[in-house]
Amino acid sequence: MTTPSASHDEQPLQLSITGMSCASCVRRVEQALLKTPGVTAASVNLASEKAQVSTTADVSANELITAINKAGYQTRSEQYELTIIGMSCASCVGRVEKALLRLPGVLSASVNLAAESAQVSVLEGNVDEAQLVAAINKAGYQAKPIAAEREDDNARRAAEQQSLKRDFGWSLALTLPVFILEMGSHVIPGMASWIEATLGQTLNWGIQFVLTTLVLLGPGRRFLRQGFPALLRGAPDMNSLVALGSVSAWGFSVVVLFAGQLLPAGTQHVYFEAAAVIVTLILLGRFLEARAKGRTGEAIQRLLKLQVNTARVQKGGESQEVPLNQVQVGDSLLVRPGERIPLDGTVQAGSSYVDESMLTGEPVPVEKNQGDEVVGGTINKNGALTVVTTKIGKDTLLAQIIRMVEQAQGAKLPIQALVDKVTGVFVPIVMAVAALTFIAWLWFGPTPALSFALINAVAVLIIACPCAMGLATPTSIMVGTGRAAELGVLFRKGQALQTLRDTKVVALDKTGTLTKGQPELTDLHVMPSFDENHTLALIAAVEQHSEHPIAEAIVVAAKARELTLATPEDFQSLSGLGVAAKVNGQKVEVGADRYLIRLGYDLSALNDTAQQLAKEGKSPLYAAIDDKLAAIIAVADPIKEGTPAAINALHALGLKVAMITGDNRHTAQAIAAQLGIDEVKAEVMPDGKVAALKALREQYGPVAFVGDGINDAPALAEADVGLAIGTGTDIAIEAAEVVLMGGDLRAVPSALAISHATLRNIRQNLFWAFAYNACLIPVAAGVLYPVFGILLSPMLAAGAMALSSVFVVSNALRLKRFKP
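Residues numbered from 1 in each chain as written. Predicted model: local features only at pLDDT ≥ 70, side-chain atom pairs only at ≥ 80, totals over all residues. Heavy atoms only, no water.

Undergrad: What am I meant to see in the overall build of the chain here?
TA: When helices and strands are counted, the chain shows 30 helices and 30 strands. Taking all 820 residues of the chain together, the buried fraction comes to 53%. Of the roughly 36300 Å² of accessible surface on the chain, 56% is carried by carbon and sulfur atoms. (Helix = DSSP H or I, 4+ residues; strand = E, 2+ residues; numbered from the N terminus. Buried < 20%, exposed > 50% of the residue type's maximum accessible area, 1.4 Å probe, protein only. Areas by Shrake-Rupley, 256 points an atom, 1.4 Å probe, with all protein chains shown as cover.)

Right, here's the structure in full:
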């Protein structure tokens with residue numbers, strides 16, 4: 001389609017579009033785009049499935065996506081993860097995000113200070129990884145693709161900790177003499193006279209000058225090297241505040257030492273100790289913070305350690321140890337007792353118990369035999385296994401779990417929006433407050449006004465560093481989602497932490513969620529003259545020729561009791577009624593009540609048992625042997641072991657519990673009554689589950705849905721939070737925000753509880769961070785001095801600032817002790 005050419009103020013954008021099938025689709029997309037305010041040209045190509053769009057600068061990519069979605073089509077996007085080095089506070093986070101969002105085609109950018117990472121979503125074909133890295137580097141930080149960085153991330157963090165520890169050690173050694181020379185005379189009686197007599201004022205100040213200069217140019221160089229360039233770019237950060245504060249105190253002292261005669265009388269005091277102590281205390285805070293931050297990512301590190309480096313591949317009757325990246329799908333791997341299973345696969349030979357606790361949080365090992373699936377990273381306990389690999393590399397479950405946890409840890413919660421708004425203007429405001437403080441003290445302050453002005457302005461700069469605000473949310477998210485992963489609860493999207501906390505009703509699918517998902521023989525009552533095992537063996541012998549799920553359950557139960565099943569003769573099947581045959585010469589008839597009544601049997605002796613089974617939602621079957629009523633049996637989908645406890649826990653959390661199922665109303669009501677479920681939506685078709693969820697939302701409020709099947713995917717997507725049972729289908733898991741790795745429903749209240757705990761922890765951190773700045777900035781500015789004579793020295797300000805960050809990270813680390 002021809003449209004007016006774009007002017008030099010317009011920017012081109014490319015969109016990959018799915019769902020177009022003909023020329024009318026092309027026209028529909030073009031019209032939808034051209035109706036969007038700010039779009040000056042749009043050309044859609046059906047063959048390449050791409051649209052070339054020219055827009056004015058005020059049109060966002062998300063507006064174009066919304067227009068295309070409304071027209072009934074979808075756009076493709078790409079996700080990038082980057083490691084960012086050099087961020088120190090919340091202002092840095094905002095700066096990096098703005099730099100990324102300025103690139104055309106970037107849909108969203110979420111930067112995490114604690115994880116030192118960025119997750120970026122871009123329109124496919126517009127921006128590549130190199131451009132993202134370049135934008136971050138231009139903003140004054142270093143960026144690398146996370147995949148390339150992950151291998152040496154531990155080494156980098158360890159090196160950073162070691163560097164901070166070394167710098168702090170040197171800074172402390174150089175600062176102590178300065179502190180003693182300056183402050184000792186105020187504390188130790190007679191020391192001032194001794195220093196004056198032995199050193200004299202000029203030599204004393206000269207020693208302090210040399211040592212403080214070494215502190216600033218040595219250990220403190222990191223603040224100067226990052227702080228002043230950021231200031232010159234018009235984007236000041238925490239390093240800028242520290243650099244300004246320490247250099248101001250040092251510079252004023254240098255003037256006093258070398259050109260004191262230029263200053264007003266009474267202002268000739270040196271503050272070398274303030275400059276040196278500021279750097280030392282902030283280095284200490286940084287070191288403690290780095291050490292604590294290292295612990296926030298321990299969950300990921302533990303998951304990474306589950307990956308083995310080599311595998312024992314069997315070829316031509318011999319096993320050979322090869323690097324894991326050389327293993328192909330279909331290779332046979334030998335796994336000895338006590339070893340980790342290298343990759344996902346299927347047991348080809350052998351039997352053993354496998355510890356899957358790292359996936360499910362369940363400590364009891366699971367028995368594995370031929371044909372069973374095993375997961376890479378789990379531990380083979382006692383028997384040798386031959387495993388045929390089915391997934392390798394990034395497709396393995398462990399790799400997917402690591403990716404999910406990383407994405408959740410890098411997410412931003414809605415609560416973070418307020419923090420971002422505040423921190424976006426925080427540092428410039430602090431610098432303005434410091435300037436006003438300086439002017440106010442210089443104008444109205446007591447003698448020596450210049451000294452008071454300088455010292456209070458420096459205290460404001462130092463105490464206001466927004467580290468604690470930047471760390472408050474991401475550290476809690478990292479520790480909370482990491483602890484959840486250890487408990488078998490994977491938050492695929494970090495935002496679910498907040499939305500899950502607001503849930504008012506939990507809706508549960510029945511089959512495979514509340515129940516085991518496959519029929520089992522639950523009841524077998526025999527008449528007094530019959531033996532239970534013999535009767536079951538005869539019934540199972542007849543049923544083994546039927547393909548009905550109920551028949552299969554009866555046969556499985558008989559084999560579980562190790563009963564021998566004879567081959568039936570004269571087998572007859574009446575559809576919807578029952579089956580009959582001869583087994584070892586005995587006539588056996590099995591079927592519903594109407595079948596045996598039709599055959600002339602009196603079922604009244606078993607009426608009470610039949611009524612009890614009906615109350616439990618079970619359909620009874622009857623068996624007759626040699627023309628005598630022999631037994632009543634029931635096959636049902638049994639409730640999972642942990643389901644009643646899970647329902648009780650959800651009620652204890654004050655939540656309503658609903659069941660949505662396609663099963664008949666009678667069975668559903670019976671199970672609901674048995675479990676104490678509040679609301680039942682039965683006989684619901686797959687597309688009706690979405691409508692059922694909407695009705696629950698209108699009645700109660702935000703709704704969470706728990707399901708496991710393909711037919712649950714629309715409902716999982718519709719719910720405010722979708723929780724997929726990890727033993728279910730890949731489609732259900734992809735549609736959910738939270739994945740419960742085990743099949744136990746007790747993980748649902750655990751997920752809700754850790755959501756509450758994490759949000760509570762975030763609120764505590766944010767309160768501390770904001771309250772700390774709100775209270776202490778005025779104190780540092782000197783508002784208490786006129787009434788109480790209290791001033792906050794820059795040294796105490798530096799200590800308090802460092803302490804606030806350590807407090808926030810330490811508080812987040814308490815989540816590691818969370819117990820469901």
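Undergrad: Help me out: how do you make sense of the sheet that holds strand 2 (residues 39-45) in this one?
TA: Two orientations exist for strands paired in a sheet by backbone hydrogen bonds: parallel and antiparallel. Read across the sheet, 4 strands follow the order 2-3-1-4 without closing on themselves; strand pairing throughout is antiparallel. The open sheet terminates on both sides in strands that have one partner only, identified here as strand 2 and strand 4 (74-75). Pairing geometry for strand 2 and strand 3 (residues 50-55), over 6 bridges, is antiparallel. Among the inter-strand pairings, alanine 42 is bridged to a residue of strand 3, identified as valine 53. (Pairing = 2+ DSSP bridges.)

Undergrad: Just checking my understanding: could you explain the packing of helix 15 (residues 449-463) against helix 28 (residues 747-781) for this structure?
TA: Each pair of packed helices gets described by two things: the angle between the helix axes and the distance between those axes. The N-to-C vectors of helix 15 and helix 28 enclose an angle of 165 degrees; their axes lie 8 Å apart at closest approach. Between helix 15 and helix 28, the crossing angle belongs to the class labelled roughly antiparallel. Pair helix 15 / helix 28 crosses with right-handed handedness. Mapping the contact onto sequence places Asn456, Ala459, Val460 and Ile463 in helix 15 and Tyr772, Asn773, Leu776, Ile777, Ala780 and Ala781 in helix 28. Residues belonging to the contact of helix 15 with helix 28 are distributed by class as follows: 8 nonpolar, 2 polar and no charged. (Axes fitted to C-alpha atoms, helices over the stretch in contact; angles between N-to-C directions. Parallel < 35°, antiparallel > 145°, perpendicular 65-115°, else oblique. Left-handed = near helix turned anticlockwise from the far one by under 90°. Contact = heavy atoms within 4.5 Å. Nonpolar A, V, L, I, M, F, W, Y, C, P; charged D, E, K, R; others polar.)

Undergrad: Would you mind showing me how to read the pairing of strand 22 (residues 578-583) here?
TA: Two faces make up the sheet, and in a regular strand the side chains alternate between them. Counting buried positions along strand 22 yields 5 of 6 residues, so the element is predominantly enclosed. As judged from the 4 bridges shared by strand 21 (residues 569-574) and strand 22, these two strands associate in the antiparallel manner. Along strand 22, the bridge assignment pairs glutamate 569 with lysine 582. As defined by bridge partners, strand 22 adjoins strand 23 (residues 586-591) across 6 bridges and the pair is classed as antiparallel. Among the inter-strand pairings, valine 579 is bridged to a residue of strand 23, identified as valine 590. Linking two consecutive strands that pair antiparallel, namely strand 22 and strand 23, is a turn of 2 residues; a positive phi of about 50 degrees is found at asparagine 584 within it.

Undergrad: Please clarify how the nonpolar core should be interpreted in this entry.
TA: Soluble globular proteins tend to pack their nonpolar side chains together in the buried interior. Counting 134 residues, the largest nonpolar core has Met87, Leu132, Ile282, Phe491, Val706, Leu723 and Leu740 as the members making the most contacts within it. Broken down by element, this core gets its largest block of residues, 15 residues, from helix 28. Here this core spans two domains, and each of domain 2 (80-119 + 127-148) and domain 3 (155-298 + 435-470) adds at least three residues to it. Of all hydrophobic cores here, the second largest spans 45 residues; its members include Val590, Tyr595, Leu603 and Ala631. (Core = buried A, V, L, I, M, F, W, Y, C linked by side-chain atoms within 4.5 Å. Domains from an automatic or database assignment.)

Undergrad: What is the right way to look at the pattern of salt bridges in this model?
TA: Opposite charge on two side chains permits them to pair, given that their charged atoms come into close proximity. In this structure the tally under the stated criterion is 15 salt bridges. Ionic pairing is found between glutamate 339 and arginine 312, a salt bridge with its closest N-O pair at 3.1 Å. Of the two residues, glutamate 339 sits in the loop between strand 11 (332-335) and strand 12 (344-349) while arginine 312 sits in strand 9 (residues 310-315), which places them 27 residues apart along the sequence. Judged by its relative accessible area of 24%, glutamate 339 falls in the partly exposed class. (Salt bridge = Lys/Arg side-chain N within 4 Å of Asp/Glu carboxyl O.)

Undergrad: Sorry, what's going on with the packing of aromatic side chains here?
TA: To describe a pair of aromatic rings, you give the distance between the ring centres and the angle between the ring planes. Summed over all chains, the structure comprises 7 aromatic pairs. Ring centres of tryptophan 441 and phenylalanine 452 lie 5.5 Å apart, and the angle between their planes is 25 degrees; this geometry places the pair in the stacked category. Placement of the pair is tryptophan 441 in helix 14 (residues 416-444) and phenylalanine 452 in helix 15, with a sequence separation of 11 residues. Here tryptophan 441 falls in the buried class, since its relative accessible area comes to 9%. Pairwise contacts between aromatic rings join Phe209, Trp250, Phe258 and Phe272 into one cluster. (Phe/Tyr/Trp six-rings, centres within 6.5 Å; stacked < 30°, edge-to-face > 60°.)

Undergrad: Can you walk me through helix 30 (residues 794-813) in this structure?
TA: A turn of α-helix holds 3.6 residues, and therefore any two residues three or four places apart point the same way. For helix 30, which comprises 20 residues, the first-to-last C-alpha distance of 29 Å matches the rise-based estimate of 28 Å (1.5 Å per residue) to within 8%. Most of helix 30 sits inside the fold, with 14 of its 20 residues counted as buried. (Expected span 1.5 Å × (residues − 1).)

Undergrad: In this structure, what is going on with the sheet that holds strand 23? I would like to understand it.
TA: On the basis of which strands lie adjacent, the open sheet formed by 6 strands has the order 20-25-24-23-22-21 and antiparallel pairing. Edge strands, defined here as strands with exactly one partner in the open sheet, are strand 20 (520-526) and strand 21. The average angle at which neighbouring strand axes cross in this sheet is 15 degrees, direction not considered. Set on the sheet, helix 20 (residues 549-560) makes contact with strand 20, strand 24 (620-625) and strand 25 (628-636); between it and strand 25 the angle comes to about 105 degrees.

Undergrad: Just to check I follow, could you spell out helix 23 (residues 643-652) for this structure?
TA: Listed as buried for helix 23 are Thr643, Ala646, Ile647 and Leu650. Looking down the long axis of helix 23, one finds its buried residues gathered within 100 degrees of arc, a one-sided arrangement. Those residues of helix 23 hidden inside the fold are in contact with strand 19 (505-509), helix 18 (510-514), strand 26 (656-660), helix 24 (665-675) and helix 28. A positive backbone phi angle near 80 degrees is found at glycine 654, which sits one or two residues after helix 23. (Arc of directions from axis to C-beta.)

Undergrad: I would appreciate a short explanation of the environment of valine 93 in the present structure.
TA: Mapped onto the secondary structure, valine 93 falls in helix 3 (residues 90-101). Assessed through its relative accessible area of 5%, valine 93 is described here as buried. As a C-alpha pair, valine 93 and glycine 470 span 377 residues in sequence and 7.6 Å in three-dimensional space.

Undergrad: How should I be thinking about unusual backbone geometry in this particular structure?
TA: Working note: non-glycine residues mostly have negative phi, and peptide bonds are mostly trans. The residue after threonine 447, namely proline 448, is reached through a cis peptide bond having omega -5 degrees. With respect to the element layout, proline 448 can be found in the loop between helix 14 and helix 15. Even without a glycine there, the phi angle at aspartate 570 is positive, about 50 degrees. For aspartate 570, the position within the fold is in strand 21.

Undergrad: Would you mind going over the environment of aspartate 372 with me for this structure?
TA: Within the secondary structure, aspartate 372 sits in the loop between strand 14 (366-368) and strand 15 (373-374). Taking the C-alpha atoms as reference, aspartate 372 lies 9.6 Å from serine 351; in sequence the two are 21 residues apart. Aside from chain neighbours lying at most four places away, what touches aspartate 372 is Gly345, Thr346, Val347 and Glu367. Within the structure, aspartate 372 has its side chain in polar contact with the backbone nitrogen of asparagine 369 (distance 2.7 Å). (Polar contact = N/O pair within 3.5 Å; in protein donor to acceptor, adjacent residues only side chain to side chain.)

Undergrad: Just checking my understanding: could you explain the pairing of strand 3 for this structure?
TA: Sheet analysis places strand 1 (residues 11-18) next to strand 3, joined by 6 bridges and oriented antiparallel. By the bridge assignment, serine 16 is partnered in strand 3 with lysine 50.

Undergrad: Help me understand the UniProt feature "transmembrane region" (unreviewed entry) in the chain, please; the structure alone is not making it clear to me.
TA: Those residues carrying the UniProt feature "transmembrane region" (unreviewed entry) are residues 168-188, 203-220, 241-263, 269-288, 422-444, 450-473, 766-785 and 791-813 in this numbering. Between the C-alpha atoms that bound residues 766-785 there is a distance of 28 Å. The span itself is 85% helix and 0% strand. Taken end to end, residues 791-813 is 87% helix and 0% strand, and its two terminal C-alpha atoms sit 33 Å from one another. (UniProt positions renumbered as here; feature names shortened; annotations may be inferred.)

Undergrad: Whenever I open this one, the packing of helix 8 (residues 221-232) against helix 9 (residues 238-259) confuses me. Can you help?
TA: It is the contact of helix 8 with helix 9, at a shortest axis distance of 7 Å, that shows an interaxial angle of 105 degrees. Relative to helix 9, the element helix 8 is oriented roughly perpendicular. Where helix 8 approaches helix 9, its residues Phe223, Leu224, Gln226, Gly227, Phe228, Ala230 and Leu231 are matched on the opposing element by Asn239, Ser240, Val242, Ala243, Leu244 and Val247. Looking at the contact of helix 8 with helix 9, its residues break down into 9 nonpolar, 4 polar and no charged.

Undergrad: Just to check I follow, could you spell out a nonpolar patch on the surface for this structure?
TA: A surface patch of nonpolar side chains, amounting to about 320 Å² of accessible area, comprises Leu172, Leu176, Phe179 and Ile180. Its location among the elements puts isoleucine 180 in helix 5 (residues 146-187). Classification of isoleucine 180 as partly exposed rests on a relative accessible area of 43%. (Patch = residues over 30% accessible without salt bridge, like charges linked within 9 Å, V, L, I, M, F, W, Y side chains within 5 Å.)

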